[in-house]
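Read off the chains here:
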Protein chains: 2
Amino acid sequence: MPPRPGSPRPKRPKRTKPASKGRPKFVYTFREGEAEGDRDQKNLLGGKGANLAEMCRLGLPVPPGFTITTEVCSHFHDRSHRFPPSLRKELNGALDQLEKSMGKRFGDPTNPLLVSVRSGARVSMPGMMDTVLNLGLNDETVDGLANLTENPRFAWDAYRRFIQMYSDVVLEVRAAKGETQSPFTRALDDLKRKRGVTEDTELEAQDWMGLVRTYKSLVKKATGKPFPQDPQEQLWGAIGAVFHSWNNERAIAYRSMHMIPSKWGTAVTIMTMVYGNMGDTSGTGVAFTRDPSTGEKRFYGEFLMNAQGEDVVAGLRTPKPISNLLEVMPKAYAQLERIQRLLERHYRDMQDLEFTIEQGRLFMLQCRAGKRTGFAAVRIATDLVKERKITQKEALLRVDPEALDQLLQPVFDRVEQERARKDGRVLTRGLNAGPGAASGRIAFTPAEAIAYKEAGEKSILVRLETSPEDIRGMQASMGILTVRGGMTSHAALVGRQMGKVCVVGAAHLRIEERRRTLRVGERRVSAGEWISIDGTTGEVFVGQLATQPSQVTQALLGKGKRAERAAQSPTFKAYSAIMRWADKHRSMAIRANADQPDQCRVATAFGAQGIGLCRTEHMFFGEKKIGAMREMILADDTGARKRALAKLLPLQRRDFEGIFMAMGRRPVTIRTLDPPLHEFLPHEKPAQRELAKKLGLKPSDIAAKVESLTELNPMLGHRGCRLGITFPEITQMQVRAVFEAACNVAKRTGKKPRVELMIPLIASSQELEVQEPLVRATVEEVFAKKGIRVPFLVGTMIELPRAALVADAIARTAEFFSFGTNDLTQTTFGISRDDAGKFIPEYIQEGIYAGDPFASLDTRGVGRLMEMAVEQGRATRPGIKLGICGEHGGDPRSIEFCEALGLAYVSCSPYRIPIARLAAAQAALRA
Amino acid sequence: MPPRPGSPRPKRPKRTKPASKGRPKFVYTFREGEAEGDRDQKNLLGGKGANLAEMCRLGLPVPPGFTITTEVCSHFHDRSHRFPPSLRKELNGALDQLEKSMGKRFGDPTNPLLVSVRSGARVSMPGMMDTVLNLGLNDETVDGLANLTENPRFAWDAYRRFIQMYSDVVLEVRAAKGETQSPFTRALDDLKRKRGVTEDTELEAQDWMGLVRTYKSLVKKATGKPFPQDPQEQLWGAIGAVFHSWNNERAIAYRSMHMIPSKWGTAVTIMTMVYGNMGDTSGTGVAFTRDPSTGEKRFYGEFLMNAQGEDVVAGLRTPKPISNLLEVMPKAYAQLERIQRLLERHYRDMQDLEFTIEQGRLFMLQCRAGKRTGFAAVRIATDLVKERKITQKEALLRVDPEALDQLLQPVFDRVEQERARKDGRVLTRGLNAGPGAASGRIAFTPAEAIAYKEAGEKSILVRLETSPEDIRGMQASMGILTVRGGMTSHAALVGRQMGKVCVVGAAHLRIEERRRTLRVGERRVSAGEWISIDGTTGEVFVGQLATQPSQVTQALLGKGKRAERAAQSPTFKAYSAIMRWADKHRSMAIRANADQPDQCRVATAFGAQGIGLCRTEHMFFGEKKIGAMREMILADDTGARKRALAKLLPLQRRDFEGIFMAMGRRPVTIRTLDPPLHEFLPHEKPAQRELAKKLGLKPSDIAAKVESLTELNPMLGHRGCRLGITFPEITQMQVRAVFEAACNVAKRTGKKPRVELMIPLIASSQELEVQEPLVRATVEEVFAKKGIRVPFLVGTMIELPRAALVADAIARTAEFFSFGTNDLTQTTFGISRDDAGKFIPEYIQEGIYAGDPFASLDTRGVGRLMEMAVEQGRATRPGIKLGICGEHGGDPRSIEFCEALGLAYVSCSPYRIPIARLAAAQAALRA
């Protein structure tokens with residue numbers, strides 16, 4: 001057993017140098033009071049190893065052991081699973097030391113040393129990799145353990161657990177194909193049936209002894225070899241298995257999800273076993289220094305008496321709240337309580353602790369910064385500032401900006417959702433593209449969604465994929481569910497911007513159009529029936545789950561008493577503090593992508609300092625407008641086109657007036673028409689017939705026009721400024737609408753709107769040189785007619801590689817650049833966002849992409865082009881205004897890159913503004 | 001009249017310095033024996049001005065005058081059509097000098113100076129810009145001219161010509177909308193009808209005098225002002241009009257077709273008038289120092305007695321061969337013959353001369369390098385080397401690589417042509433102005449020719465005569481046939497330059513516009529019917545004649561006596577010499593893009609040194625192969641896919657064996673499967689049904705598969721290495737087929753093929769890092785099985801912007817880069833080649849693009865990416881092999897850029913290899 005606690009805290013030894021002859025050191029030992037490593041060596045020792053070392057240095061009771069570095073893992077994977085030659089010697093040295101300090105020997109039949117072998121990466125990857133406990137047991141040492149503990153039942157139980165775990169992890173003896181149970185579990189079940197018992201605890205030492213025999217013969221049968229009896233052989237096998245598990249499927253998936261490089265590798269920590277299952281004075285538990293769900297300041301946790309850690313995780317027995325420990329074992333509780341305070345003070349953050357009590361003696365098995373919800377993150381960070389434990393800057397860096405999203409989304413009632421899962425009401429699962437919770441009736445078409453809305457009913461729009469024609473239906477629905485598409489598909493993009501709950505790429509879903517049903521396997525749900533989607537988890541439920549707006553949204557956008565009450569909530573107060581500090585420390589402005597006055601109002605409530613992208617085409621999908629737009633497209637000559645445009649002008653102007661009213665003096669970037677014209681025409685025969693009737697044309701004329709506008713690759717087709725150049729009258733109409741609206745609002749309110757007019761899809765400076773004079777001439781005409789001027793800039797999007805490459809020439813005309821990183825990513829990679837679903841998931845899974853480049857900016861490729869554009873743009877026009885309006889503008893990693901580029905602002909969807917504010921502050925603080 | 005010829009050749013004066021105070025000099029004078037400019041100042045004085053100055057320096061008889069520089073043109077267009085302030089003073093000085101040297105004065109009623117005002121750009125743009133003749137005439141000076149020449153008829157004819165030309169060019173008094181005739185032409189026709197005559201020559205001085213009155217009142221009516229009488233006003237008006245004409249529609253079209261930058265501008269040359277229409281001792285003509293059609297060494301040309309230059313060019317009267325001049329005016333002929341020899345010797349190239357004989361006295365009006373056919377270009381260049389006038393290097397630089405294309409174009413099948421002659425299928429005969437053979441449907445207007453081209457049909461443009469407005473139609477047609485005009489008419493000149501088959505002056509042909517028929521005697525052919533024209537013999541055939549390969553193609557690819565005979569032709573000998581010299585001087589290798597053994601044989605015959613791109617997917621479209629390919633695509637799992645692939649393997653292997661047999665030890669770059677899979681499936685219902693039957697599937701299964709593979713932007717979709725990564729078994733099968741074939745051929749022939757295996761559409765180094773080991777493992781398997789190795793490289797295409805941006809990382813794995821500039825251009829510009837037709841023509845017309853970036857490499861944008869890739873690729877792997885396999889590999893301008901980048905090879909389609917060989921030599925010589 002380990003040395004007694006309470007020895008004086010040692011001086012910090014110097015960091016150990018690499019071993020002689022420049023060879024790196026591979027093994028770091030630790031024991032209570034001293035350690036070769038410390039908390040700063042997470043990269044080398046993994047989070048677990050580093051924190052164990054740190055706790056030892058703090059003099060806390062930790063079972064002694066040693067850690068094999070992550071470098072060994074890299075070596076292992078780079079060299080066809082061979083260990084570095086010098087490892088064996090180092091490890092044997094550490095083992096000797098451990099044996100000496102414990103007074104036990106590995107494989108000693110009378111006084112055996114038993115160890116656990118655990119993984120531990122630089123960042124926590126809970127449950128992803130493998131662990132082996134009770135290592136060192138064999139047919140001889142099991143007796144030694146039985147004698148030592150005077151508890152044969154415990155010893156044989158430990159031995160059978162060891163065989164089962166080792167066989168699974170190292171020998172890969174697992175459930176046969178087509179079966180769910182491992183042979184070990186089945187053998188145990190058989191035994192219990194034979195004994196007529198249901199609980200493990202009802203089995204005797206003899207039973208375990210018999211089971212060990214059965215287990216060993218199972219291993220022999222499966223592997224052709226007896227179960228290894230040599231503890232050294234066991235140890236090396238376990239170390240290799242842990243390293244192997246770094247590259248198991250679920251670890252790879254987890255890494256790609258969290259952008260963890262595969263080259264980091266895992267460390268392996270070998271630690272003396274302590275037992276929480278040695279009777280009624282033993283136990284094990286997990287605790288947090290504060291509530292990880294709400295952030296409330298209270299010692300929080302659970303424990304089980306007479307149990308091992310795995311029993312807590314497995315959930316077979318229900319653990320008790322930590323406070324109960326005070327009654328059961330007051331001394332241990334007091335020590336633990338002291339330690340938790342010490343650790344939070346020491347780490348200056350909420351800690352997650354694992355402990356075991358072996359026959360009344362407390363051991364700390366792990367400590368790390370505790371995972372927490374967004375709510376808790378905000379609350380803890382602000383509380384720690386109040387408690388003067390951390391500074392405001394530190395608090396800002398403690399909160400993951402993405403976590404703020406949780407504070408804004410309506411939520412399902414937690415209890416009801418849990419019940420729904422247990423009741424088997426989960427229909428399927430997709431990608432969590434737009435967080436939050438929504439329930440509604442299934443609508444298969446936008447028209448149905450609109451009809452539901454008009455009837456005062458909620459709907460979920462379910463589509464194979466969405467297109468711009470669907471946006472009114474999307475707006476009308478509570479949430480969007482698609483079969484195809486990724487995190488940046490049209491549905492995800494527009495859904496997020498609208499703040500809609502959105503689940504995309506639910507690949508197991510079949511839409512049966514004839515039957516008007518959704519099918520998953522043999523389960524069917526019909527149009528009009530209720531479903532509920534959770535955009536935070538990606539779950540799709542059958543039936544209706546109640547939702548409620550979050551407190552922060554209530555406080556910012558709500559009215560009356562409810563809003564007042566919400567504003568008094570600890571969550572909102574914490575949120576407000578974080579936002580206030582973020583605004584104080586960030587250097588970039590935050591704008592919103594918004595096309596409608598109500599979106600603008602939401603955006604400003606969330607703190608938007610302007611509009612970074614107003615997509616004028618979204619305005620054309622309104623009831624009246626789409627008609628005039630279609631007339632314009634179907635016009636045979638410039639004259640007819642101009643007449644149709646004249647109808648659109650007042651409608652667009654009204655939209656812009658609403659936006660300028662909402663935005664006041666904040667700058668508003670308005671992009672001229674961007675998508676290809678065929679997007680505005682109906683593609684289905686019935687709709688074409690209807691339109692033909694309306695406009696007095698032949699259906700075949702409309703079909704012919706649709707046909708003539710059809711493109712093989714519309715993304716690379718006749719769109720953006722190419723439209724404005726071939727149809728200058730469209731640009732003129734839009735510019736007129738924008739500036740007439742601006743002048744009207746200036747007169748009405750006395751506040752002059754600040755317009756930034758943006759020409760999209762520029763690939764060569766000449767394109768802008770053709771459009772810009774047209775814009776300016778039209779603007780001057782409006783100013784002259786209105787007798788008032790408003791400040792304005794003319795600029796362009798940088799969204800094609802060539803634009804970045806010739807940015808110096810473009811900057812001669814452009815007064816600002818706005819990076820359209822969605823399209824820039826598409827063209828730089830040569831990937832259509834709409835079609836990428838077929839390979840991007842596989843690319844991420846195989847580690848070809850660290851992450852989805854449409855979600856987080858590819859700084860190496862796309863970022864390089866941005867750097868060039870920034871550099872060249874500034875060389876031509878030193879004061880050029882620079883911003884980003886692609887979806888990446890709401891992504892914290894991308895925002896950090898924008899800060900490094902020195903952009904003036906980032907622009908994102910309204911509901912991501914709080915995230916961007918915090919991310920921008922973090923970027924500025926890290927810079 | 002100008003000073004007499006024969007004065008001694010002066011010493012070359014120093015180049016005139018810019019005027020005082022650093023002001024640029026805008027006006028350069030010239031007169032026989034001396035000039036301020038010289039031949040090297042084409043950029044400043046235009047081709048015409050520079051060569052007139054040079055001829056003056058050579059002491060040749062040139063009417064004196066002066067040239068206003070191209071810089072004035074640029075100033076004029078940059079500053080809203082204003083002249084530089086100092087121009088007036090300089091021009092007046094030059095005019096004074098001219099008046100003094102001529103002993104005449106501008107506007108002097110008794111002895112008036114008359115001038116022509118002509119355009120002249122850096123390179124010849126025949127007929128594109130405007131000219132004004134007889135300037136200086138007014139109501140007073142016309143009498144002076146009548147007295148001086150003692151020829152009132154001549155004087156009044158000159159005056160009415162001046163009014164007509166000036167009104168058209170400067171005052172823009174032109175045909176009313178909807179009419180084809182100008183009011184002046186109509187007035188002349190009315191007059192002739194009134195007088196009862198048909199020819200201009202039948203009209204008297206009195207008639208012209210009356211017509212001048214009518215013309216002046218027409219001008220007054222149209223412009224509201226009297227016709228300008230002040231010669232100074234006339235002069236400035238004409239200068240402005242010539243500058244304006246630099247930006248007229250046809251000049252812009254011509255520039256875009258020939259990639260002439262609009263900023264070059266035109267010079268204006270003002271030259272004393274001389275008259276070829278002063279009676280029977282006067283005349284005018286055009287001559288070439290060698291035959292511009294065949295290149296034969298003989299003085300060649302045409303003249304008209306008693307005519308002005310415009311009469312020759314307009315083709316209204318059919319001119320006589322130059323040899324006739326010897327009989328009519330032996331002295332003038334002798335002088336001209338001496339001058340042509342002197343000029344060819346001086347310029348060391350074939351010259352195109354314009355001359356006028358005024359009352360027995362010869363004046364040179366122009367000299368320039370003569371336009372010539374590809375046949376002539378090659379012949380003249382090699383002859384000049386033989387005559388020791390130029391070096392081999394100079395000869396190489398003299399031939400436009402594109403012109404070689406003419407030498408490879410088919411001619412009519414000799415037997416069939418003979419039969420057609422006997423069958424009376426010869427409709428008529430004209431002048432053989434542009435060699436080659438062409439068949440097509442009769443198009444009477446440029447618009448028809450363009451419509452045929454757009455419909456994928458061939459046409460022959462048939463015109464009375466062509467004018468600069470026709471050039472787009474000429475470009476669209478297969479050949480040009482005109483009723484009027486000689487070997488130096490507009491049709492002949494422009495047709496030759498375009499490499500079009502051209503027969504001019506088919507005088508017996510009548511175009512019946514109403515009936516839309518061609519008539520010769522009683523024989524009629526209607527619009528839309530087929531005719532065939534032989535530009536080498538001048539014959540016009542009814543119907544479509546089969547063609548046979550050209551002499552060069554015959555000699556290279558033919559067999560037996562025919563090939564031997566062709567190899568002895570002057571054309572082939574000249575071609576061979578040029579190719580031999582080109583190969584000696586170029587540094588880049590030339591490869592072919594070819595997918596089939598027969599293509600490989602053609603390629604090597606044309607001199608290919610390897611295959612730069614073998615597109616393996618082209619092989620899948622064979623009868624048997626498409627079946628197995630479809631089976632593979634429709635496979636539901638890896639097993640079924642592998643079975644289908646096993647069927648494809650032997651088929652692919654056989655194709656590769658054929659290619660390796662054809663290529664011997666030359667390197668062969670093979671690209672793994674590139675296009676999206678849906679390209680291989682039938683999209684139409686009936687074909688889907690048929691396929692379903694064949695494979696025993698339901699048609700709906702196939703429709704569903706097609707549906708599931710359909711992409712919104714297939715260009716940016718699941719293709720290239722993305723296929724190889726998601727379906728590694730496809731890559732494996734292809735690699736196996738390639739290397740089994742290579743090993744088989746190595747064993748069979750003893751020659752080891754050199755394989756360069758190329759992975760397409762790489763955007764990140766990781767993609768290659770996944771595919772490359774798969775390739776190498778498969779290759780090693782094959783080598784082991786076959787017991788033989790062949791040399792090979794594994795590399796990638798650089799065809800996405802990101803690949804260029806991360807080329808350093810890619811080069812860690814790639815042993816070579818091949819630039820796929822087609823796709824690189826598409827993604828860099830964000831333009832789908834398939835959809836670009838809707839705006840690229842307009843972009844070129846409006847000058848937004850200098851040319852089609854898919855035809856000639858965009859060095860500024862795409863080229864910048866290539867530079868980065870080259871630089872980074874070499875930084876990682878200094879010896880990395882670099883080439884280009886996009887369509888640009890056959891474009892001379894692009895080849896020059898590749899030479900600058902230091903690429904190892906360019907690859908193009910087999911028939912462009914001779915062009916590429918010459919272009920590569922030129923690039924190396926220019927470097």
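The following refers to the structure shown. Numbering of residues begins from 1 in every chain and follows the order in which that chain's sequence is written. Whichever chain is written first becomes A and whichever ligand is written first becomes 1, with later ones labelled in order. Predicted model: local features are reported for residues with pLDDT of at least 70 only, side-chain atom pairs are reported and counted for 80 or more only, and whole-chain, interface and lining totals are derived from all residues. To get the side-chain values, all heavy atoms of the structure are used, and hydrogens and water are removed first.

Quick look at the nonpolar core now. Core analysis: the largest hydrophobic core is formed by 392 residues, its most contacted members being F739 of chain A together with V117 and F739 of chain B. Put simply, buried Ala, Val, Leu, Ile, Met, Phe, Trp, Tyr and Cys residues joined by side-chain atoms within 4.5 Å make one nonpolar core. Exposure is judged per residue with a 1.4 Å probe applied to protein chains only, and the accessible area is read against the type maximum: over 50% gives exposed, under 20% gives buried, and values in between give partly exposed. In terms of nonpolar packing, the next biggest core, distinct from the first, is built from 69 residues, V117, A158, A187 and V242 of chain A among them.

Attention shifts here to the interface of chain B and chain A. In this complex, chain B contributes 50 residues to the contact, which on the side of chain A involves 50 residues. Reported buried area values correspond to the accessible surface (1.4 Å probe) lost by two parts on association, with both partners' losses combined. The largest contributions to the chain B side of the interface with chain A come from L716, R802 and K838 of chain B, which together make up 14% of the buried area. Within this document, salt bridges are pairs made up of a side-chain nitrogen of Lys or Arg and a carboxyl oxygen of Asp or Glu, the two lying within 4 Å of each other. Our count for the contact surface shared by chain B and chain A stands at 4 salt bridges. Between D858 of chain B and R802 of chain A there is a salt bridge, with the nearest N and O atoms lying 2.6 Å from each other. The term polar contact refers here to a pair of N or O atoms within 3.5 Å; inside protein, the definition further demands a hydrogen-donor-capable atom paired with an acceptor-capable atom, and it admits residues adjacent in sequence only when both atoms are side-chain atoms. The tally of links from chain B across to chain A stands at 23 residue pairs in polar contact (both at pLDDT 80 or more). Helix and strand assignments come from DSSP, with helices taken as H or I runs of at least 4 residues and strands as E runs of at least 2, each series counted from the N terminus. The set of elements that each furnish at least two residues to the side of chain B that touches chain A consists of α27 (699-709), α28 (721-726), α30 (765-786), α31 (801-805), α32 (807-810), α33 (821-829), α34 (840-845) and α35 (862-876) of chain B. The greatest single-element share of the side of chain B that touches chain A, amounting to 4 residues, is contributed by α28 of chain B. Split by residue class, the side of chain B that touches chain A holds 22 nonpolar, 14 polar and 14 charged. The contact definition used throughout considers only heavy atoms, calling two residues in contact when any of these lie within 4.5 Å. Classes in brief: Ala, Val, Leu, Ile, Met, Phe, Trp, Tyr, Cys and Pro nonpolar; Asp, Glu, Lys and Arg charged; the others, Gly included, polar.

Trans peptide bonds make up the majority, and among non-glycine residues the majority have a negative phi. Residue and element names in this part refer to chain A. Of note in the backbone geometry, N306 takes a positive phi value of approximately 45 degrees without being a glycine. Within the secondary structure layout, N306 lies in the loop between β8 (300-305) and α10 (309-314). Classification of N306 as partly exposed rests on a relative accessible area of 32%. Within the chain, Q359 stands out as a residue other than glycine whose phi angle is a positive 45 degrees. Its place among the elements puts Q359 in the loop between β10 (351-358) and β11 (361-369). Residue classification places Q359 among the partly exposed residues on the basis of a relative accessible area of 46%.

The next thing to look at is the sheet that holds strand β7 (residues 283-288) of chain A. Residues and elements named next belong to chain A. The strand order β9-β8-β7-β10-β11 describes an open sheet built from 5 strands, whose pairing is antiparallel. Edge positions in the open sheet fall to β9 (320-321) and β11, since each of these has one partner strand only. Geometry is summarised by axes, namely lines fitted to C-alpha atoms with helices restricted to the contacting stretch, and by angles between N-to-C directions that run from 0 to 180 degrees. Each of β10 and β11 is contacted by helix α12 (residues 330-347), which is oriented at about 25 degrees to β11, the strand it contacts most. For two strands to be treated as a pair, DSSP must find no fewer than two bridges joining them.

Attention now goes to helix α7 (residues 205-223) of chain A. Residues and elements named next belong to chain A. Relative to the 27 Å expected for 19 residues at 1.5 Å per residue, α7 spans 27 Å between its end C-alpha atoms, a close match to the ideal helical length. Inspection of α7 places A205, D207, W208, G210, L211, V212, Y215, L218 and V219 among the buried residues, and these make up the whole buried set. Tucked into the core, α7 has its buried residues touching α5 (152-169) and α6 (183-195). Two residues or fewer past α7, G224 is found with a positive phi of approximately 80 degrees. Each helix should span, by expectation, one fewer than its residue count multiplied by 1.5 Å.

Attention now moves to the packing of helix α5 (residues 152-169) of chain B against helix α7 (residues 205-223) of chain B. Residues and elements named next belong to chain B. Following both chains from N to C, one finds α5 and α7 inclined at 20 degrees, their axes separated by 8 Å at the closest point. As judged from the angle between their axes, α5 and α7 are roughly parallel. In this structure, the crossing between α5 and α7 has a hand that is left-handed. When α5 is examined against α7, the residues P152, R153, W156, D157, Y159, R160, I163, Q164 and S167 are found in contact with a partner set consisting of A205, W208, M209, L211, V212, Y215, K216 and V219. For the contact of α5 with α7, the per-class residue count stands at 11 nonpolar, 2 polar and 4 charged. Note on terminology: angles under 35 degrees are roughly parallel, angles over 145 are roughly antiparallel, angles of 65 to 115 are roughly perpendicular, and the others are oblique. Less than a right angle of anticlockwise turn of the near helix away from the far helix marks a crossing as left-handed, whereas a clockwise turn marks it as right-handed.

What follows covers a positive patch on the surface. All names here are of chain B. Together, R414, K561, R562 and R565 line one region of the surface with positive charge. At 3 residues, the largest contribution of residues to the positive patch is made by helix α21 (residues 560-567). Under the relative-accessibility criterion, K561 is labelled exposed at 66%. Note on patches: the residues involved have over 30% relative accessible area and no salt bridge, like charges join within 9 Å, and the nonpolar side chains Val, Leu, Ile, Met, Phe, Trp and Tyr join within 5 Å. Using the Shrake-Rupley algorithm and a 1.4 Å probe, accessible areas are obtained, with residue cover drawn only from the displayed protein chains. Charge convention: Lys and Arg are scored as positive, Asp and Glu as negative, and His as well as the terminal groups of each chain are ignored. The atom standing in for a charge is NZ when the residue is Lys, CZ when it is Arg, CG when it is Asp and CD when it is Glu.

Residues and elements named next belong to chain B. Helix length check: helix α12 (residues 330-347) (18 residues) gives 25 Å between terminal C-alpha atoms against 26 Å at 1.5 Å per residue, within 8%. All of the buried residues in α12 are A332, Y333, Q335, L336, E337, I339, Q340, L343, E344 and Y347. Close packing links the buried residues of α12 with α1 (42-57), α11 (323-328), β10 (351-358), β11 (361-369), α13 (374-386) and α14 (392-398). Phi turns positive one or two residues past the end of α12, at R348, with a value near 55 degrees.

The quantities given are spatial measurements derived from coordinates; they are silent on function.
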